[in-house]
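Listed below are the residues making up each chain.
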Amino acid sequence: MKFKTFAAFVGPSVFMMLLFIAAPLVSVFIQSFQVTQPILEQIEVETCTPGFLTQTCTTEIKTVPVLDEAGKTVTETRWVGLQSYRNVLQMDKFWSAVGNGSWNQIMQIDFWKALRFTLSFTLLTLPLVIGVGLAIALAVNNATRSIRGPIIFISLLPFIITPVIGSLSIYWLFVGDGILTAMMERWSGQNISMFAQAWTIELLMYFYRVWHVAPFAFVIFYAGLQTVNMDTLESAVIDGASRWERLRHVIVPHLMPLIIFIALIHLMDCYRVFDEIVGFRSQAHVISLQWLTFDFMTPDDAGNRAMSRASASSMLTMIGIVLLLIIPLRRTWRDHKGSAH
Amino acid sequence: MSTPRAMRQSFALRFSSGAFLAFWCLLAAFPIFWIAVMSFKSPVDAFADSAWDVITGPATRANGDGLSIIDIALGVVVLFFAIRWAFTKLPALVRQYCPPGLIVLGWIVGALVYAITFVLIFFGLLPIILGALNSLLGPLGTPVLGMTTQHYIAVWGENEFYRNFLNSMLVTAGVVTISLTVGTLAGYGLARSGSDLAFWLLILALIFRALPHSVLVAGYLPVFINSSEILAPIFGEGAPTLYGQPWAVIAVLVSINQPFTIWMLRSFFQNIPAELDEAARVDGCSHFQAFRRVIMPVMWPGVITTGLFSFLLGYNDFLVTALLLDAQNQTMVPAIAGYFNRETTTTDQVEAVAAAVSITAPLFLLVMVFQRQIVSGLTAGAVKG
């Protein structure tokens, strides 16, 4: 294919990606070093109230935003260097907390709290998703052919459901005296509230994520299981391998590329955990990096959006995802070079 | 025996694998099933302590809303025939009345007509007939299962949820059509070109796929809010403010979706033998003609599958739509967040549940109809990528 034809085919897609993905990245990068604020001026205001004999007048100095002819506030954009990053990271508090050796104090700072949750969420759910997905795939592969269709149908439901709704549906089972909380209270005989402390919410979030992603892993593993080489399996049987040994030495190595694929996708998706925070309404207890940026961007009561802090926190989020992906990407590159020679 | 003896499994293993599977199915379906049940009950029942009360709904029944045995029996029969008819007669009808080139359009129209007829019969005609029957039959006609549609009426009627529904449909339809048009071209180009540039584009797309969406939205927001000033030199007075515009959100979602789309379509196109378009080229077609005449007729399975996933992305998105759309143009998923702020009484809570079920229902239908395509799409991405 000539370069010109190739460019014509790929052009629109590349253009959209450059305009809406690459360009925003650059602008976020620049924004993170800037602050846009309304220009304020101090004016003397004399207010008079009618009084007996003479009016009572008071003068005070007020700070008001400067308005232009159209009545809009005039804003200025200043370069502030790393100021926004400092605001987000709060390194002075962080180091003093490290100096005290106090984990709780570090967790008081939003960014470090979000980072801690995002990382533990990503790394803890990863083995669970792969394990549960593999277990379901093996069990379905074991089942009679006629019930496989309906089982796949039911399994797809948690995967396809809107993430916010999915986490809400679990939230409603546990909220207040929801049906499952009531059941646990009956068993344990004590009052349980699942949404009053961070660790129970976090537990439910892990559960939700595994519930949501395991079907994806299952479908892929199930497809992989169909292509396991029967001859290798049979020779393993002849060699006297037990069921467990066959799983470990024949099936899992066969599925290894798929496991890596799922791990990669899962790392990307989990790192941007966000919908759970909305669904479980956990912002008071548990927040994630992406939610932190979202929160900076949501207008506050005065209608201001903290864009520069949002940009700084999203640049920091970016650095994290680059670090996470550097190893798998280097591998792909080496494979590509290997195949070229 | 088809399986060799050594491969046969002990009873204990078969039993535990079956039990595990049953447990998983219960776990997978229960939360969704349960919110569906809750949405039909009065608030007292929906948040009752005992599961049995939630299912049978005594308080709902006491309010006079309920189904008798006759209602249930007749409802199940009608439902059964409706579903059977949809899978046996409907495809034939669509094929008969639709001009051959427009089969996709024919299916959309057919599905719409079917849905409207079903709603009319099931929620219009059936209650009238059953009301008469119930009063005639005495004991058989007394309600046994509490059930009310009042929350749905409140959500769709009073709260004007249909506006959000229409916005959602607009956004998802736009996302699916545009990302497929742009994506098929790019996917084909990437699949047929073995150059280093193609490889680097794919890697770049992979990196773009990993980006958290909030990073991108942080880039859009200031530009979108001030876009009328920024674009004024180009468009003059009529320069639009992009913030709150559904089509701006469509463009954003299409671009976010593009990396995934081109990866998936590329793997589908690689499965179409290259000899096919080479033959067309030998016969004197240009690359574009070959694409249009030879590839397009055989690419539909891949396009449908990719379209499904684009649909899911547009439909399920919360973050982008919540930040870039204003209240009038809000789609369904962010709109449900509006219920949180209002959710003070238990009635509001059950209304939120009903809204959630309303959002889930189309997805449920989607899995039912397109299960095979979804599975093939999931595996195609993995096995090739």
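Residues numbered from 1 in each chain as written. Chains lettered and ligands numbered in written order. Predicted model: local features only at pLDDT ≥ 70, side-chain atom pairs only at ≥ 80, totals over all residues. Heavy atoms only, no water.

1. Side note on the overall build of chain B
What counts here: Only DSSP runs of H or I with at least four residues qualify as helices, and only runs of E with at least two residues qualify as strands; both kinds are numbered from the N terminus onward. For each residue, the accessible area found with a 1.4 Å probe, counting protein chains only, is set against the maximum for its type, and the residue is called buried under 20%, exposed over 50%, and partly exposed in between. Pairs of residues are marked as contacts when any of their non-hydrogen atoms sit within 4.5 Å. Residue exposure ignores everything except the shown protein chains as possible cover, and the areas themselves are Shrake-Rupley values with a 1.4 Å probe.
Counting secondary structure elements, chain B contains 18 helices and two strands. In chain B, which comprises 385 residues, the proportion classed as buried is 46%. Counted over contacts in chain B with a minimum sequence separation of 6, partners at least 24 positions apart contribute 74%. With an accessible surface of roughly 18900 Å², chain B has 70% of that area assigned to carbon and sulfur atoms.

2. Quick look at the overall build of chain A
In plain terms, the rule: The reference for a compact globule is 2.2 Å times residues^0.38; the radius of gyration itself is calculated from the C-alpha atoms.
Within chain A, the secondary structure is distributed over 14 helices and four strands. Taken over the C-alpha trace, chain A has a radius of gyration of 28 Å; the compact-globule value for 341 residues is 20 Å, which it surpasses by more than 25%. With respect to the three principal axes, the spread of C-alpha positions in chain A is 110 × 70 × 45 Å. Counting across all 341 residues of chain A, residues that qualify as buried make up 47%.

3. Points about the interface of chain A and chain B
Stated formally: A 1.4 Å probe defines the accessible area here, and the buried area is the portion of it lost by two parts on being joined, summed over both. Any Lys or Arg side-chain nitrogen located within 4 Å of an Asp or Glu carboxyl oxygen qualifies as a salt bridge. For this analysis, a polar contact is any N or O atom pair within 3.5 Å, provided that within protein one partner can donate a hydrogen and the other can accept it, and provided that sequence-adjacent residues contribute only side-chain to side-chain pairs.
Opposite the 93 residues of chain A that make contact, chain B presents 102 residues. It is F9, I160 and W172 of chain A in chain A that bury the most area against chain B; as a group they hold 9% of the surface buried on that side. Joining chain A to chain B, the criterion identifies one salt bridge. R209 of chain B is the partner of D269 of chain A in a salt bridge, and the nearest nitrogen-oxygen pair spans 3.4 Å. At the junction of chain A and chain B, the tally comes to 11 residue pairs in polar contact (both at pLDDT 80 or more). Per-element tally for the side of chain A that touches chain B: the top contributor is helix α1 (residues 3-31) of chain A, with 19 residues.

4. As for the pattern of salt bridges
Residues and elements named next belong to chain A. In total, this model carries four salt bridges over all chains according to the counting rule given. In this structure, R116 and E202 form a salt bridge, with 3.0 Å as the shortest nitrogen-oxygen distance. Here R116, found in helix α5 (residues 110-142), pairs with E202, found in helix α9 (residues 198-225); they are 86 residues apart in sequence, far enough to count as distant. Take R116: its relative accessible area is 29%, and that puts it in the partly exposed class. Take E202: its relative accessible area is 11%, and that puts it in the buried class.

5. A word on the packing of aromatic side chains
Put simply, the test is: Think of it this way: a Phe, Tyr or Trp ring, Trp meaning its six-membered ring, pairs with another when their centres are within 6.5 Å, and the plane angle makes it stacked under 30 degrees, edge-to-face over 60, tilted otherwise. Both a distance and an angle decide whether a charge sits over a ring: NZ of Lys or CZ of Arg must be within 6 Å of the ring centre and within 35 degrees of the ring normal.
Evaluation of the coordinates by the stated rule reveals 25 aromatic pairs over all chains. Taking the centre distance of 6.0 Å and the plane angle of 40° together, the rings of F218 of chain A and Y222 of chain A count as tilted. Highlighted residues: F218 of chain A and Y222 of chain A, both in helix α9, separated by four residues, approximately one helical turn. Side by side, F218 of chain A and Y222 of chain A carry an identical accessibility label, which is buried. Through pairs of rings, three or more aromatic residues link up here, namely F9 of chain A together with Y188 and F269 of chain B. One residue, R266 of chain B, lies across the ring of W263 of chain B, its end atom 5.6 Å from the ring centre.

6. Observations regarding the nonpolar core
All names here are of chain A. Definition in use: Nine residue types can take part in a nonpolar core, namely buried Ala, Val, Leu, Ile, Met, Phe, Trp, Tyr and Cys, and a core is a set of them joined through side-chain atoms within 4.5 Å.
Counting 198 residues, the largest nonpolar core has W172 and F221 as its most contacted members. Broken down by element, this core gets its largest block of residues, 17 residues, from α9. Setting aside its immediate chain neighbours within four residues, F221 contacts I130, G133, L134, A137, L255, L258, I259 and I262.

7. A look at the side chain of T200 of chain A
All names here are of chain A. Here T200 is to be found in helix α9. For T200, a relative accessible area of 5% corresponds to the buried category. Contact partners of T200, with chain neighbours within four places excluded, come to S193 and M194.

8. Focus on α5 of chain A
Heads up, the condition is: How far a helix is expected to stretch is found by multiplying one less than its residue total by 1.5 Å. Note on bend: at a given residue it equals the angle between the axes fitted to the 7 residues ending there and to the 7 starting there.
For α5 of chain A, with 33 residues, the first-to-last C-alpha span of 47 Å sits near the 48 Å given by 1.5 Å per residue. Its axis deflected by about 30° at T125 of chain A, α5 of chain A carries its strongest bend there, up to four residues before the proline P127 of chain A.

9. Details of the packing of helix α12 (residues 246-271) of chain B against helix α15 (residues 300-316) of chain B
Residue and element names in this part refer to chain B. Defined as follows: Where helices are involved, their axes are fitted lines through C-alpha atoms of the stretch in contact, as for all axes, and angles between N-to-C directions lie from 0 to 180°. In what follows, roughly perpendicular refers to angles from 65 to 115 degrees, roughly parallel to angles under 35, roughly antiparallel to angles over 145, and oblique to any angle outside these ranges. Handedness of each helix crossing follows the sense of rotation of the near helix against the far helix: counterclockwise by less than a right angle gives left-handed, clockwise gives right-handed. Nonpolar residues are Ala, Val, Leu, Ile, Met, Phe, Trp, Tyr, Cys and Pro. Charged residues are Asp, Glu, Lys and Arg, and all others, Gly as well, are polar.
At a minimum axis distance of 10 Å, the contact between α12 and α15 shows a crossing angle of 155°. Between α12 and α15, the crossing angle belongs to the class labelled roughly antiparallel. Seen along the crossing, α12 lies across α15 with a hand that is right-handed. Residues L253, N257, F260, T261, M264, L265 and F268 of α12 form the contact with α15, whose own contacting residues are G302, V303, T305, T306, F309, S310, L313 and G314. Considered class by class, the residues forming the contact of α12 with α15 number eight nonpolar, seven polar and no charged.

10. So, the confidence of the model for chain B
If pLDDT is low for a region, its predicted coordinates should not be looked at in detail. Keep this limit in mind: Across the chain, each position has a pLDDT score giving the predictor's confidence in that residue, from 0 to 100.
Put simply, chain B has an average pLDDT of 78, and 89% of its residues get 70 or more. Summarising per-element confidence for chain B, the mean pLDDT is lowest in helix α11 (residues 227-235) of chain B (69) and highest in helix α8 (residues 161-192) of chain B (86).

11. A few points about the pairing of strand β3 (residues 56-65) of chain A
Residues and elements named next belong to chain A. The condition is simple: Should DSSP find at least two bridges between two strands, the strands are regarded as paired.
Judged from the 10 bridges that link them, strand β2 (residues 40-49) and β3 form a sheet pairing that is antiparallel. Across the sheet, residue L40 finds its bridge partner in β3, namely P65. Between β2 and β3, which pair antiparallel in sequence order, lie six residues; one of them, L53, sits at a positive phi of approximately 70°.

12. A few points about a nonpolar patch on the surface
All names here are of chain B. To be explicit about the condition: Residues enter patches when their relative accessible area tops 30% and they take part in no salt bridge; the joining distance is 9 Å for like charges and 5 Å for the nonpolar side chains Val, Leu, Ile, Met, Phe, Trp and Tyr.
Side chains of L74, I116, L120, I121, L125, I129, L133, L136 and L137 sit close together on the surface and give an oily, nonpolar patch of about 800 Å² of accessible area. Residue contributions to the nonpolar patch peak at eight residues, all from helix α6 (residues 103-137). Positionally, I121 belongs in helix α6. Given the relative accessible area of 38%, I121 is considered partly exposed.

13. Some details on the environment of F6 of chain A
Residues and elements named next belong to chain A. Mapped onto the secondary structure, F6 falls in helix α1. Classification of F6 as buried rests on a relative accessible area of 4%. The spatial distance from the C-alpha of F6 to the C-alpha of N304 is 45 Å, given a sequence separation of 298 residues.

14. Thoughts on the side chain of T321 of chain B
Inspection of the secondary structure assignment puts T321 of chain B in helix α16 (residues 319-324). Excluding residues within four positions of it along the chain, T321 of chain B makes contact with V249, Q330, T331 and P334 of chain B.

15. Quick word on the packing of helix α13 (residues 289-297) of chain A against helix α10 (residues 213-225) of chain B
Axis separation between α13 of chain A and α10 of chain B bottoms out at 9 Å; the angle between their running directions is 20°. Relative to α10 of chain B, the element α13 of chain A lies roughly parallel. Relative to α10 of chain B, the crossing made by α13 of chain A is left-handed. For the pair α13 of chain A and α10 of chain B, the contacting residues are Q290, T293 and M297 of chain A in the first and H213, S214, V217, A218 and L221 of chain B in the second. In the contact of α13 of chain A with α10 of chain B, the residues fall into four nonpolar, four polar and no charged.

16. Considering the confidence of the model for chain A
The predicted model of chain A averages 80 in pLDDT, with 95% of residues at 70 or higher. Within chain A, α9 of chain A carries the highest mean pLDDT (87), whereas strand β1 (residues 34-38) of chain A carries the lowest (72).

17. Points about helix α5 (residues 69-97) of chain B
In this model α5 of chain B runs 40 Å from its N-terminal to its C-terminal C-alpha over 29 residues, within 8% of the 42 Å that 1.5 Å per residue would give. Listed as buried for α5 of chain B are I70, D71, G75, A82, A86, L90, P91 and V94 of chain B.

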